[in-house]
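The primary structure of each chain is shown beneath.
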Amino acid sequence: MKRREKYLLIVLIVTTMIFSIVGSMLCLSCKPIPTTPPPKLPTNKLFPAYTIDIKYPSEEGFVTVERGGAFTLPVTVRSLVDEPIKIRLALTAVDEVPEFVECELQKEYITLNPGESIDTQITIKITEDAPPGSFYLGITGELQEPVKERGGEAMFFMLTVTDG
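Procedures and definitions
Residues numbered from 1 in each chain as written. Predicted model: local features only at pLDDT ≥ 70, side-chain atom pairs only at ≥ 80, totals over all residues. Heavy atoms only, no water. Helix = DSSP H or I, 4+ residues; strand = E, 2+ residues; numbered from the N terminus. Buried < 20%, exposed > 50% of the residue type's maximum accessible area, 1.4 Å probe, protein only. Contact = heavy atoms within 4.5 Å. Pairing = 2+ DSSP bridges. Axes fitted to C-alpha atoms, helices over the stretch in contact; angles between N-to-C directions. Core = buried A, V, L, I, M, F, W, Y, C linked by side-chain atoms within 4.5 Å.

Peer 1: When you look at the overall build of the chain in this model, what are you seeing that I'm missing?
Peer 2: Looking only at helices and strands, one finds zero helices and 14 strands in the chain. Listed by position from the N terminus, the elements making up the chain come as β-β-β-β-β-β-β-β-β-β-β-β-β-β. Within the chain, buried positions represent 29% of all 164 residues. Within the chain, contacts between residues at least 6 apart in sequence are counted, and of these 67% link residues at least 24 apart.

Printed below as a string of C-alpha cells:
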C-alpha cells in the first residue's frame, strides 16, 4: 500500500512580500507585490469580440509620467468575430477616470474585418495640477454596434504621476 503525504498550504500576505508555508517550511516569494490592490474587474462571462494588446514604454503594465507630461501607447486591436466591427478605444478606470487625465485617439472609430488586426495608438496627457501618485487606468474598446453574445475587453495598467 502506497503512503500518501498530506501537505497543508497556507499563504500569508505580510506588508509587501508573499510567504507560503508548505509542510513545515516557510517560503518567501522573491517578487514583492504592489501595496495598492489591483482593480476589481467586472465578471463578464461573454467571450470578447476583440482583443487589445498594449506596448508599454518600459515595464509591462506600468507607465510613469511627470505632471504636465504626455505619453503615447501603441495599441493593437484584433477582431475575434465573423463579421466586420467598428470600435473606438476609450480610457477607463475602476471608478472613474481622474479629471487630470486627458486622452487623444489616432482615429475616432476603427473598422475591423473578421480576424483582422490593426495597429493604432492612444495618447494620454496629464495636466499640470495633477497630484503625484499611482492610479489604475485601463484601455478598453467601445463597439459602435453590439455583437450578439460577445463582450469587450479592457487592459489595465498602473500610471504613476511624478513631480518631475
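Picking up after the structure, the text goes on.
Peer 1: Help me out: how do you make sense of the sheet that holds strand 5 (residues 50-54) in this one?
Peer 2: Hydrogen bonds between backbone atoms are what pair the strands of a sheet, whose relative direction is either parallel or antiparallel. Spatially, the four strands line up as an open sheet ordered 5-7-11-9, and their pairing is antiparallel. Strands at the two margins of the open sheet, each flanked by one partner only, are strand 5 and strand 9 (101-105). The mean inter-strand angle of the sheet, taken between neighbouring strand axes irrespective of direction, is 30°. Examined bridge by bridge, strand 5 and strand 7 (residues 70-79) share five bridges and lie antiparallel to one another. Bridged to Thr51 within strand 7 is Arg78.

Peer 1: Explanation requested: the nonpolar core in the structure shown.
Peer 2: Core analysis: the largest hydrophobic core is formed by 32 residues, its most contacted members being Leu73, Ile126, Ile139, Phe157 and Leu159. Ranked by the residues each element gives to this core, the list is headed by strand 8 (residues 85-93), at five residues. In this structure, Leu73 is in contact with Ile54, Lys55, Tyr56, Pro57, Val63, Thr120, Gln121, Ile122, Ile139 and Phe157, ignoring residues within four places of it in sequence.

So yeah, pure geometry; function would need other evidence.
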